[in-house]
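Below, each chain spelled out in residue letters.
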Amino acid sequence: MRFVTRFAPSPTGYLHLGHAFSALTAYDAARAAGGRFVLRIEDIDQGRSRDEYEAAIYEDLDWLGIEWETPVRRQSQHLAEYQSVLERLQQRGLIYRCFRTRKQVAAAIATAPHGPSDDIFRGEALPASEEAAKLAAGEAFAWRLSLKKARAALGPAYFALVFEDESGPVRADPDRLGDVVLARKDFPASYHLASVWDDAQQGVTHVIRGEDLREAAHLHVLLQRLLGLPQPVYRHHRLVLDDDGKRLAKRDQAATLRALRASGKSSDDVRRMLCLEG
Ligand code: GLU
């Protein structure tokens, strides 16, 4: 069986133990399957991505003993592709401009008893004159995927979407995420759009990542179906926690791989700390 998996870090900080766990889990799985391991730099957040962090990613992965294929896919070099995917979705009426601010959406979600729903997200574009007025006034907007339109486009297949993860077959339920943002006024891609597109371009057959992204799989398989992309198998692994039982974050400097390296730890020590066999 063909097996291609990936590690897709964002260069917005130094890699820490949680990233090491993800990268090593994926790398070990590729080796065990006689498959391929690819790397992707998720640097679409150009305000927060830094070259220095990208260079550190290569250094840290190399120190961990991980080998990856080159050239590495860097999302900032593929913006035109995301733009054309977005245009395809737009031509099919599957996305719409949403002028609500993040704050307004968060407030609407907070007061909704059952999470995101069509009551919160409009599900379609504003009437043409209203939209034109907002555009003329230069108001910011986000392109949201319309679940209503996706349901109409796929018909019964929308409710029969299934993907495989570590627990077996799972029925996809994209409604639990609501109409997610796929791009913003001045930027052609969100994480969801770029990641789904790139997994397909890189031939990824197995998406291995932290369980904080488990919910996202419900949306990602819908995007794959709408865009005619192959569907990978999903494996979501446990998250690495700090001493207080909280999820490691980029701000936990002590857990960065470079801090561990500077303190004299080896990559085998890191594997032991993560309970991963070498
Ligand atoms: N770039 C994402 C992160 O740093 C990873 C997304 C993924 O693996 O799908 O958390």
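Residues numbered from 1 in each chain as written. Predicted model: local features only at pLDDT ≥ 70, side-chain atom pairs only at ≥ 80, totals over all residues. Heavy atoms only, no water.

1. Observations regarding the sheet that holds strand β5 (residues 142-145)
Pairing is antiparallel in the open sheet, where 3 strands are placed in the order β4-β5-β8. Because the sheet does not close on itself, it has two edges, and the strands there are β4 (95-98) and β8 (181-184). Here the average twist between neighbouring strands, direction ignored, is 30°. Relative to β8, β5 runs antiparallel, the two being bridged by 3 bridges. Bridging from a neighbouring strand, Trp143 pairs with Ala183 of β8. (Pairing = 2+ DSSP bridges. Helix = DSSP H or I, 4+ residues; strand = E, 2+ residues; numbered from the N terminus. Axes fitted to C-alpha atoms, helices over the stretch in contact; angles between N-to-C directions.)

2. Structural notes on the pattern of salt bridges
This model, assessed by the stated rule, comprises 28 salt bridges. Across the pair Asp199 and Arg6 runs a salt bridge whose closest N-O atoms are separated by 2.9 Å. Residue Asp199 is located in helix α7 (residues 191-201), and its partner Arg6 is located in strand β1 (residues 4-7); the two are separated by 193 residues in the primary sequence. A single burial state applies to Asp199 and to Arg6, both of which are buried. Via salt bridges that share partners, Arg6, Arg40, Glu42, Arg73, Glu81, Asp198 and Asp199 belong to a single interconnected network. (Salt bridge = Lys/Arg side-chain N within 4 Å of Asp/Glu carboxyl O. Buried < 20%, exposed > 50% of the residue type's maximum accessible area, 1.4 Å probe, protein only.)

3. Quick word on α7
For α7, the buried fraction is high: 8 of the 11 residues fall into the buried class. Among all positions of α7, only His192, Leu193, Ala194, Ser195, Val196, Trp197, Asp198 and Asp199 are buried. One or two steps after α7, the chain reaches Gly203, where phi turns positive at roughly 65°.

4. Let's talk about the site of the ligand
The environment of the ligand is formed by Arg6, Ala8, Ser10, Glu42, Tyr191, Ser195, Arg209 and Leu213. A distance of 2.7 Å separates an oxygen atom of the ligand from a polar atom in the side chain of Tyr191. Between an oxygen atom of the ligand and a side-chain N or O atom of Arg209, the distance comes to 3.0 Å. Notes on the ligand: free accessible area 300 Å², of which the protein chains cover 77%. (Near = heavy atom within 4 Å. Polar contact = N/O pair within 3.5 Å; in protein donor to acceptor, adjacent residues only side chain to side chain. Areas by Shrake-Rupley, 256 points an atom, 1.4 Å probe, with all protein chains shown as cover.)

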